[in-house]
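A look at the structure
Residue-level listing of the chains:
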Amino acid sequence: MPSIAGGLFSAGRGISWLRLRRLQRPLLSSLSAGGGSDAPHLPVVIVGAGPVGLALSFLLAKFGIKCTVLERSMEFTRHPRAHFINNRTMEIFRKFDGLAGDIERAQPPVDLWRKFIYCTSLSGSILGSVDHMKQEDFDKVVSPISVAHFSQYKLVDLLLKKLDGVGFQTCFPDELGGSSAQDLLLENKILMGHECSSIELTDDGILVGASFNNGGRMQERKLHCGLLLGADGARSKVRELAGISMKGERDLQQLVSVHFVSRDLGKYLSSERPGMLFFIFNPDAIGVLVAHDLEHGEFVLQVPFYPPQQMFEDFSAKVCEQIIVKLVGWEPADIQVLDIKPWAMHAEVAEKYVGCDNRVILVGDAAHRFPPAGGFGMNTGVQDAHNLAWKLCLLLNGIADPSIIQTYESERKPVRFFLHAFCSFNVNISATNILK
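Quantities reported herein were computed from a predicted structural model and do not represent experimental measurements.

Contact geometry for helix 3 (residues 51–62) and helix 13 (residues 377–396): axes closest at 9 Å, N-to-C directions at 25°. What the angle tells us is that helix 3 and helix 13 run roughly parallel. Helix-helix and strand crossings are classified by hand; for helix 3 and helix 13 the assignment is right-handed. Every residue of helix 13 that contacts helix 3 at Pro51, Val52, Leu56, Leu59 and Leu60 is listed here: Met378, Gly381, Val382, Ala385, His386, Leu388, Ala389 and Leu392. Here the residues of the contact of helix 3 with helix 13 sort into 11 nonpolar, 2 polar and no charged.

Spatially, 5-4-13-14-15-12-16-19 is the arrangement adopted by the 8 strands of the open sheet, whose pairing is mixed. What marks the edges here is a single partner per strand, and that holds for strand 5 (126–131) and strand 19 (368–369). Two elements, strand 14 (residues 285–293) and strand 15 (residues 298–305), share 5 bridges in a ladder whose sense is antiparallel. Each residue of the ladder has a partner; that of Val288, found in strand 15, is Gln302.

Following Pro307, the chain continues into Pro308 via a peptide bond in cis, with omega recorded as 0°. Mapped onto the fold, Pro308 is located in the loop between strand 15 and helix 12 (317–328). Phi angles above zero are rare outside glycine, and Asp357 is one such case at about 55°. Relative to the helices and strands, Asp357 is located in the loop between strand 17 (354–355) and strand 18 (360–362). Residue classification places Asp357 among the exposed positions, given a relative accessible area of 63%. Of note, the phi angle at Asn358 is positive, near 70°, even though the residue is not glycine. With respect to the helices and strands, the residue Asn358 is situated in the loop between strand 17 and strand 18.

Where helix 5 (residues 99–106) meets helix 7 (residues 152–165), the closest approach of the two axes is 11 Å, and the angle between their N-to-C directions is 145°. Note on packing geometry: the crossing formed by helix 5 with helix 7 is right-handed. The segment helix 5 lies against helix 7, with Leu99, Asp102 and Ile103 engaging Leu155, Leu158, Leu159 and Lys162. A class-by-class count of the residues in the contact of helix 5 with helix 7 yields 5 nonpolar, no polar and 2 charged.

Summed over all chains, the structure comprises 1 cavity of 30 Å³ or more. The calculated volume of the largest cavity comes to roughly 40 Å³. In terms of lining, the largest cavity is formed by Leu122, Phe260, Ile280, Leu289, Leu301, Ile324, Leu327 and Val328. Here the lining of the largest cavity takes 3 residues from helix 12, the largest share from any one element.

This part covers the pairing of strand 8 (residues 189–192). In regular strands, side chains alternate between the two faces of the sheet. Judged by which residues are buried, strand 8 turns out to be covered on both faces: Lys189 and Leu191 on one side and Ile190 and Met192 on the other are all buried. Bridge count for strand 2 (residues 67–71) against strand 8 is 4 bridges, and the pairing is parallel. When the sheet's bridge partners are listed, Leu70 is paired in strand 8 with Leu191. As paired strands, strand 7 (residues 169–171) and strand 8 are joined by 3 bridges and run parallel to one another. The residue of strand 8 that forms the bridge with Thr170 is Ile190.

On to the environment of Glu200, then. The residue Glu200 is located in strand 9 (residues 195–202) in this model. Residues Glu200 and His224, 24 residues apart in the sequence, show an inter-C-alpha distance of 9.4 Å. Apart from residues lying up to four places away in sequence, Glu200 is in contact with Gly205, Ile206 and Leu207.

Let us now look at the side chain of Glu409. Relative to the elements of secondary structure, Glu409 occurs in helix 14 (residues 404–435). When residues no more than four places from it in sequence are discounted, the contact partners of Glu409 are Glu351, Lys352, Tyr353, Val354 and Pro414.

Time to look at a nonpolar patch on the surface. The grouping of Leu127, Phe281, Ile286 and Tyr306 at the surface amounts to a nonpolar patch, some 360 Å² of accessible area in total. Mapped onto the elements of the fold, Ile286 is located in strand 14. The exposure class of Ile286 is partly exposed, given its relative accessible area of 35%.

This part is about the environment of Val110. Looking at where Val110 falls in the secondary structure, it is placed in the loop between helix 5 and strand 4 (115–119). Judged by its relative accessible area of 24%, Val110 falls in the partly exposed class. Apart from residues lying up to four places away in sequence, Val110 is in contact with Met133 and Phe138.

Throughout the structure, instances matching the rule amount to 16 salt bridges. A salt bridge links Asp97 to Lys62; its shortest N-O distance comes to 3.2 Å. Here the residue Asp97 occupies a position in the loop between helix 4 (87–93) and helix 5, and Lys62 occupies one in helix 3, the gap between them amounting to 35 residues. Judged by its relative accessible area of 38%, Asp97 falls in the partly exposed class. Residue Lys62 is classed as buried on the basis of its relative accessible area of 17%. With a shortest N-O distance of 3.3 Å, Lys154 and Asp293 are connected by a salt bridge. In this pair, Lys154 sits in helix 7 while Asp293 sits in strand 14, placing the two residues 139 residues apart along the sequence. Side by side, Lys154 and Asp293 carry an identical accessibility label, which is buried.

Thresholds, definitions, all that
Residues numbered from 1 in each chain as written. Predicted model: local features only at pLDDT ≥ 70, side-chain atom pairs only at ≥ 80, totals over all residues. Heavy atoms only, no water. Axes fitted to C-alpha atoms, helices over the stretch in contact; angles between N-to-C directions. Helix = DSSP H or I, 4+ residues; strand = E, 2+ residues; numbered from the N terminus. Parallel < 35°, antiparallel > 145°, perpendicular 65-115°, else oblique. Left-handed = near helix turned anticlockwise from the far one by under 90°. Contact = heavy atoms within 4.5 Å. Nonpolar A, V, L, I, M, F, W, Y, C, P; charged D, E, K, R; others polar. Pairing = 2+ DSSP bridges. Buried < 20%, exposed > 50% of the residue type's maximum accessible area, 1.4 Å probe, protein only. 1 Å grid on protein atoms, 1.4 Å probe; cavity = no way out; pocket = protein on both sides within 12 Å on 5 of 7 lines; lining within 4 Å. Points joined across faces, edges and corners; volume = space filled by probe spheres on them. Patch = residues over 30% accessible without salt bridge, like charges linked within 9 Å, V, L, I, M, F, W, Y side chains within 5 Å. Areas by Shrake-Rupley, 256 points an atom, 1.4 Å probe, with all protein chains shown as cover. Salt bridge = Lys/Arg side-chain N within 4 Å of Asp/Glu carboxyl O.

This is the structure in C-alpha cells:
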C-alpha cells in the first residue's frame, strides 16, 4: 500500500501495524454490516464523478476501501472548467501512481501560460501584466513540484485511467440491468446516468436511492452504505437531501462561459503575447479569456451579464462570436463555439461538512464555493479528499473512533474561510490595478 496519507503508513512496517490492529480490534460493525435491507451494501458511496469524487475514489481504492460512485450525467463534460493546479494539489498527485508527472508532460509549455495580461483587446494596448511564475518555483524552493496549467476534462481523463489501473470500471444503466444489481456488481464502479434521488438514515448506515433511465423508463436503484460522500458540486443534491444549508454571499456575479476553439487566435497569441489569463476591457465588450491550450487554440471566455436587462438566453453562438471578435480586435477566420454555459459566482460555505450522525460527508464544491480568483475551487476539493481518505481508512478498519470524522470538518473548514478572504483580496486587487 503506497504511503498516501503523507507518511501515515511506511512501506511494509506500517502495513503490518495496520494488519495487527485489524486482528486486535473487529471492524466497526455499524459501518460494515449489511443490516436487514435487501439493497446492496457498500462501505462507501460517493456522489459525483468530477475531479474531487474521482480523486477520493482513487485514494480509497489504494487504501483497500470498496466504494461505488454515482454520476448523474451520461458522459463526462468536455467543457474545460478548472485549469490551474496549485503546488499542494500537485504534491498530492505525486502519490497517484505518477499522475503529477503525467500532467507535467501533457500540459502546455510553461512560457505559454506563465503570465496574466490586462489589455484593451488581445491585439490592442497592454495595460499591465503579471508573471505568476517566480524563480523559486523553477528552483523548487517552496515545493518539490511546480504548479500546472491543465484543463479539468483532461485531468478527469487521466484520473479515469488511474482508476482503471486499480480495478475501477465505468458502467451505464443498460450494462447493469434493472434495479436489483447485487453489491458485488457495484463495487468499484462508476455508475453513469445515476442521480442521487433520496437518502434514508437506517440503524446501520444510509439507504441511498439512485434514479436512472432504463430503456426510456425511470427506475430507482437502492444502495445501502456505511458512509455517503457528497462530491456532487455547487448544487449538491446530497447536501440538499441531508438538509445542510449554505451560508455566505450568493450571486456575486452572473456570467456566461463560452468554450471555443480558434487555431488562428492560438497561433497569434503564442507568438505575440502568450499568457494564461487575459483581462480585457474596452468600450464595446469586457471579459476574461482563459487560454487553456494556445498550441491547439482552445479557450474559455467568461463574460459578465446583468439580469434582468440581460439574460443568458441572449447569448447565442452568433452573439458570442461577435463578442469574441470585439475582444480580440480582429476577426479570426476559424472561430468555432463549442459550448455556452451560465454560471453564478458565490462565496459560501456549508453550515457543517458532516451530517446525519456522521454518515453523510460533504467534499469539494458541495461544502464550499469560492470566487474564481486564485483557482482554489478544485484544488481545495482535492485537498479535502486527501484529508478525508486516510481517516475513513482508519475508521472502516476499526482503528479509529467515529469521532475522527469530526476532525475533517475542524481541519478543513478554517481553510475555506482563509481562502474566501484571499479570493476577495485577489478580486479587489485586480479591480484596483485596472482602475489605475
